[in-house]
Amino acid sequence: MIPDPMLEWLGLPVAGSAHAADVDRVMALVHWLMLVLFVGWSLFFAYVLVRFRRKAHPAASHHGLRGRWSSWIEGGVLAAEVVLLAFFSIPVWSSRVDAFPSERASTVVRVVAEQFAWNVHYPGPDGRFGRTDITLIGPANPLGLDRSDPAARDDITTINQLNVPVNRPVIVHLSSKDMVHSFTLPQMRVKQDAIPGVPQPVWFTPTETGEWEIACSQLCGLGHYRMRGFYAVQRQADFDAWLVSEAALLAEP
Amino acid sequence: MAPLKYLYSTDHKVIGLLYGFTSLCFLLVGFVLVIVIRWQLAFPGQPVPYVAGLLGAANAPGGIVLPEFYNQLGAMHGTIMVFLGVVPLAVGAFGNYLVPLQIGAPDMAFPRLNLASYWFYAAGGAIMLASFFLPGGAANNGWTSYAPLSDLAPGHGQTFWLLGMLFIIFSSLLGALNFITTIVQLRAPGLTWFRLPFFVWAQFVTAFLLLLAFPALQAAALLQGMDRLAGSSFFLPSGLAVSGQALDVAGGGNALLWQHLFWFLGHPEVYVLILPAMGIAAEVIANNTRKPLWGYRVMVYSVFVLGFLSFVVWAHHMFLTGMGTAISAFFQTTTMIISIPSVVILSSLILSLYGGSIRFTTPMLFALAFLPMFGIGGLTGLPLGLATTDIPLHDTNYVVGHFHYLVAPGTIFALFAGIYHWFPRITGRMMNDVLGRIHFAGSLICMNVIFLPMFVQGLAGVNRRLWDGGAEYAHAQGVLHFNVPMSIAAFGLAFFQLFFIVNLFMSIRYGRRVDTNPWEATTLEWNTGTAPVRVYRDPYDYSVPGAKADFTPQYERAEA
Amino acid sequence: MHTLPYTTEIRPDTGLTNPKLGIWLFLASEVMLFGSLFSAYALLRSGAASWPDQSAVLSVPLATLNTVILISSSVTMVLAWSGARAGRMDRFRIYMGLTLLCGAGFLAVKAVEYGDKFAHGLLPSTDNFLALYFTMTGVHAVHVLAGMVVNAFLLGPGARMWRSEPERFTNRVEVAGIYWHFVDVVWIFLFPVLYLL
Ligand code: HEA
Ligand code: HEA
Ligand code: CUA
Ligand SMILES: [Cu+2]
């Protein structure tokens, strides 16, 4: 396939996930539509301004333009929008919010946003998240994880560091402790508001390894600009090794 | 003639001028705030030169803008520009001054309500300005005031914001019902619906938007006021923990409720910002092409469709709050549909130029520039309106670029066009053309240098409302260098406004005197005769074949 | 000062006078205001983990009494208007006075209800049902108060207009009446939603 030059011009971040290409395709297509309309109308606009300036055209015509070709253009715009909607945007959206992979086949992780950090919570080897309770929240325990719960014993928590293995779906259970934040992984084409009281899942399949940053996209207070986290997409072996080293840290007193 | 008299006159022209002067002052305030914002974005953490002392030690110690203060600047820039600057200028000033004149009415239908509307607006504005001097400063939660951030914001800035909004909303409601009644009831004899100038149609639909959309924010502001003052939990869900402490409130609220109520107003509000501007552009274009608007009726229908649909697209601001396929499909579809009437109106305005005899007067330059600038702003709304492409773009500078193209080189340019165009109607003098052209060229260039790079930054993933403009983020590094020229252009924009301000005040005294209809226009506001008005023809009878002049005013009887 | 057309006479092609159209438009925006508040109620209630038994928290008998008072006041308002229209200022005065009295009675009962809640420590901060109750009835009470101010004006200083421009005065009473009925109708929605459902 011929690479779309529009993608080059738009300068989007690296497309690092399975669905990124789908998103980028819509992005390129809609920008083509915009470009054609803008350039087309601009040319017409420039022509008209020169052709019908007072010097060149001293007497205006009362009826002006004859013909209804503008309706065809408007119809064309509508048709293009319908195509973008029905064949691209809605299906891609639906695959994002309806077609969740099974938790078994995925890396499952909780991310809890707060002013101004991302708390990351892995279920550990048992695959079960331990109980959390807001009354347990403290400086050393930002998630309020109840370590006395058997399911919590092996849970791994980090602050501002999310590691995931490549080529395996990731399901993030997203929530917020205080304000509305927005969990953004630019290279994964993932953005999801983290709204207190409305926990939601979001999923993606990373296809590129690398180390990038988690951004917060929703104004959440004076530290909004520095609510930056890090995420790493690793090869499975590296990810497993990382989990082991985190678990070892847990075992220390 | 005591000048005080003007403060309680019920004459729509005087009220219009009061609105105009006040709202220009607020535009200036909004602009000054954004100059500080632009300094901070280009030179994060460096002391603001010259005016550092004015910012207050609590806001900017040593002239360095604190993040809290940056957020105040952003929130208040948005609020002041939208609610205290553009809408009062477009509706309060232009609408008040021109609508009664253009429909041949002696005044607005309710002159005293009209005055009350102005004073509610002034009071709301005063409350907003006063909030800067509170301990803790003005509201700093964005102009959108999302809860729970705004609910829990310390200090009284946000409370003042809510109170100020309640005043402004009440002012708008009084104004809106006044406009609708005036247009329905007080049209001069012979002025049938389809003989109304397009500007009047635009104001008519705008008034309905204000009347029916603003109450949602009124309710929202009351609820948030209760949360802040009476300790209720409308927008506070259970289980909140702020700064590591469980919050002591009843809970059970819904943070998204605020967003729904806000955007139910917020989206119609953006059409309130653009419709009067389209109306002004249409008047100026018809006049300076010396021909009727092309597709006038279709334009009128389009404004109505736009008005109706603007009530059913609000959640396109909320695609990423966790929306399922069905609801997102609904809002994407309505958003795409609503773009069509805008396309129709814009196309009609461009096609109106075809066959004209175009005079490049200063107002015409602004009105012409409005078209492609609106085009850029509107077209960039399309990728935002598709939920899929909104994922990478939401809350990035792309959005900031989108709406500034619509409101700044869009609406503000149309408003400038209107000021230059109707200035002789108000003062009997022309504004200076040379100064006007410098103002135009300088503003056009600067606006584009400020706002075009925002799309590039947004596509690269740079978020909005960042104190350091994104300097913290690795993915922003490649596009960060734009911030310096953007900000320099913003300072340049300020410089070019001096030409406007000088021109405005000098021309009141020294402008070239002209007689009553210097632009040779057709609509009723240029008829300063004393005979009772009667209307005989369509609004834009320019270059009618066989007529003796290239314009035949609406109030001129058909030749036998 | 010009005289504005259609302040009292009807514009033939629209069939309206200015004040009539004005008040209906105002009420349209009021519908949106109360509509927003009712929507907030619906959303919060449907999303709530638990909701108190409303009729146990609030006093249904007092609210029923208030409903009766307010509906009666709508009736007296109509009678006041027809009095003014018939040129019987004496009847207008009596019925307008009664309307005002009903309004005051309504607010007094409301004050008793509020006081009782406060005394039992039932506040807007207690739960969202009470918060909605106080907000919605509070906004409504402000509307009642505003209507009373208008009515008092028409009964007092405003009544002078009856001698100079009786028709215009009658129209004012009618417009005030339309507003008053609206406030009444809002209560008729508030009563079941807050007290009974
Ligand atoms: C005047 C104000 C105005 C106008 C008219 C519009 C018009 C539109 N807006 Fe915009 N919008 C805002 C002001 C406005 N908007 C603001 C203030 C925000 C942000 C609020 C915030 O979050 O703070 C926003 C945000 C916003 C979002 C949310 C983005 C996000 O937060 O992620 C969306 C999404 O759908 C959107 C879509 C649209 C669309 C589809 C239109 C359409 O109506 C546009 C239709 C127009 C066209 C399609 C152009 C047609 C013209 C031509 C074809 C001719 C070209 C001519 C020449 C070249 C000569 N807007
Ligand atoms: C109508 C609305 C409007 C207008 C006109 C403007 C105009 C401008 N805006 Fe604004 N802006 C908003 C609405 C508006 N903005 C909103 C809603 C936000 C979002 C806020 C938020 O995040 O919550 C925002 C945010 C915003 C940001 C992003 C901040 C951030 O994300 O952190 C920036 C950054 O550059 C910016 C810049 C500008 C600039 C340079 C102008 C220039 O175009 C200004 C030009 C001004 C003039 C040309 C004024 C002319 C007036 C005169 C000359 C007065 C004459 C006076 C007399 C005669 C007395 N704006
Ligand atoms: Cu968290 Cu912005
Ligand atoms: Cu919108």
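In case you missed it, the structure is sitting above this.
Residues numbered from 1 in each chain as written. Chains lettered and ligands numbered in written order. Predicted model: local features only at pLDDT ≥ 70, side-chain atom pairs only at ≥ 80, totals over all residues. Heavy atoms only, no water.

Novice: Would you mind going over the nonpolar core in detail, with residue names and values included?
Specialist: Residues B:Phe198, B:Leu275 and B:Leu353 are the most contacted members of the largest nonpolar core, which totals 294 residues. Per-element accounting of this core gives the leading share, 22 residues, to helix 7 (residues 255–289) of chain B. A domain split of this core shows at least three residues from each of domain 1 (5–98) and domain 2 (103–251) of chain A. Once residues within four sequence positions are removed from consideration, B:Leu353 is found in contact with A:Phe45, A:Val48, A:Leu49, A:Phe52, B:Ile285, B:Thr289, B:Ile358, B:Met364, B:Leu368 and B:Leu371. Within the second largest apolar cluster, 33 residues are counted, among which are A:Val120, A:Leu162, A:Val172 and A:Phe183. (Core = buried A, V, L, I, M, F, W, Y, C linked by side-chain atoms within 4.5 Å. Buried < 20%, exposed > 50% of the residue type's maximum accessible area, 1.4 Å probe, protein only. Helix = DSSP H or I, 4+ residues; strand = E, 2+ residues; numbered from the N terminus. Domains from an automatic or database assignment. Contact = heavy atoms within 4.5 Å.)

Novice: So what's going on with the site of ligand 1? Which residues, and what values?
Specialist: Taken together, 33 residues sit near ligand 1, with B:Tyr271, B:Asp390, B:His394, B:His402 and B:Arg464 positioned nearest. The site occupied by ligand 1 is bordered by residues of chains A and B. A distance of 3.2 Å separates an oxygen atom of ligand 1 from a polar backbone atom of B:Leu384. Side-chain polar atom of B:Arg464 to an oxygen atom of ligand 1: 2.8 Å apart, as the coordinates give it. Within the residue set of the shell around ligand 1, elements represented by two or more residues are helix 2 (20–51) of chain A together with helix 7, helix 9 (325–352), helix 10 (362–379), helix 11 (381–385) and helix 13 (397–427) of chain B. Here the shell around ligand 1 takes six residues from helix 9 of chain B, the largest share from any one element. Its residues placed into classes, the shell around ligand 1 shows 19 nonpolar, twelve polar and two charged. (Near = heavy atom within 4 Å. Polar contact = N/O pair within 3.5 Å; in protein donor to acceptor, adjacent residues only side chain to side chain. Nonpolar A, V, L, I, M, F, W, Y, C, P; charged D, E, K, R; others polar.)

Novice: Quick rundown of the pattern of salt bridges? Include the residues and the values.
Specialist: Charged atoms that come close allow side chains of opposite charge to pair. Per the stated rule, a full pass over the model turns up 20 salt bridges over all chains. Between C:Arg88 and C:Asp90 there is a salt bridge; the shortest N-O distance is 3.3 Å. A residue is classified by how much of its surface remains accessible, and C:Arg88, at 38% relative accessible area, is partly exposed. The partner of C:Lys117 in a salt bridge is C:Asp116, and the shortest N-O contact between them spans 3.6 Å. On the basis of relative accessible area, C:Lys117 is assigned to the buried category, the value being 2%. Residues joined by salt bridges that share partners form a network here, namely A:Arg54, B:Arg290 and B:Asp550. (Salt bridge = Lys/Arg side-chain N within 4 Å of Asp/Glu carboxyl O.)

Novice: So what's going on with the environment of A:Ala28? Which residues, and what values?
Specialist: Mapping A:Ala28 onto the fold places it in helix 2. Note: C-alpha distance between A:Ala28 and A:Ile156 (128 residues apart in sequence) is 40 Å.

Novice: Could you give an account of the interface of chain A and chain B, naming the residues involved and the relevant values?
Specialist: Taken together, the contact pairs 83 residues of chain A with 91 residues of chain B. Between chain A and chain B, roughly 7500 Å² of surface is buried when both sides are summed, and carbon and sulfur atoms account for 68% of that area. At the junction of chain A and chain B, the tally comes to two salt bridges. A salt bridge links B:Glu472 to A:Arg228; the shortest N-O distance between them is 4.0 Å. Counting across the interface, chain A meets chain B through 32 residue pairs in polar contact (both at pLDDT 80 or more). Residue assignment for the side of chain A that touches chain B shows that the elements contributing at least two residues are helix 2, helix 3 (69–97), strand 7 (190–194) and strand 9 (210–216) of chain A. Classifying every residue of the side of chain A that touches chain B gives 48 nonpolar, 20 polar and 15 charged. (Buried area = accessible area lost by both parts, 1.4 Å probe.)

Novice: Please give an account of the sheet that holds strand 2 (residues 117–122) of chain A that cites residues and values.
Specialist: Residue and element names in this part refer to chain A. Pairing is mixed across the open sheet formed by five strands, whose spatial order is 3-2-1-5-8. Edge strands, defined here as strands with exactly one partner in the open sheet, are strand 3 (156–159) and strand 8 (200–204). Going across the sheet, the axis of each strand differs from the next one's by a mean of 25 degrees, ignoring polarity. By the bridge criterion, seven bridges tie strand 1 (residues 107–114) to strand 5 (residues 170–176) in an arrangement that is parallel. If you follow Thr107 over to strand 5, its bridge partner there is Val170. The sheet contacts of helix 4 (residues 236–251) involve strand 1, strand 2 and strand 3, and relative to strand 3 the element is tilted by about 95 degrees. (Pairing = 2+ DSSP bridges. Axes fitted to C-alpha atoms, helices over the stretch in contact; angles between N-to-C directions.)

Novice: Please set out the coordination of the copper ion (ligand 4) residue by residue, giving values where relevant.
Specialist: Angles between donor atoms at a metal ideally measure 109.5 degrees for a four-coordinate tetrahedral arrangement and either 90 or 180 degrees for a six-coordinate octahedral one. Residue and element names in this part refer to chain B. Taken together, the protein donors to the copper ion (ligand 4) comprise His267 (ND1), His316 (NE2) and His317 (NE2), at separations of 1.8 to 2.1 Å. Donor residues binding the copper ion (ligand 4) come from one chain and are separated in sequence as H-x48-H-H. In this model, the copper ion (ligand 4) sits 4.6 Å from the iron atom of ligand 1. With His267 in helix 7 and His317 in the loop between helix 8 (296–309) and helix 9, this pair connects stretches of sequence that are 50 residues apart. (Donors = N, O, S within 2.8 Å, 3.2 Å for Na, K, Ca; no water.)

Novice: Help me get a handle on the interface of chain B and chain C, residues and values and all.
Specialist: Counting from both sides, the interface comprises 40 residues of chain B and, opposite them, 37 residues of chain C. Interface area lost by chain B to chain C is led by B:Pro106, B:Gln185 and B:Phe234, which between them contribute 20%. Our count for the chain B to chain C interface comes out at seven residue pairs in polar contact (both at pLDDT 80 or more). With ten residues, the single largest contributor to the side of chain B that touches chain C is helix 6 (residues 198–229) of chain B.

Novice: Could you give me a rundown of the arrangement of the chains, with the residues and numbers involved?
Specialist: Contact analysis covers two pairs of chains in contact, and the most contacts occur between chains A and B. There is no contact between chain A and chain C; across them, the least C-alpha separation is 11 Å.

Function cannot be inferred from these measures alone, as they are strictly geometric.
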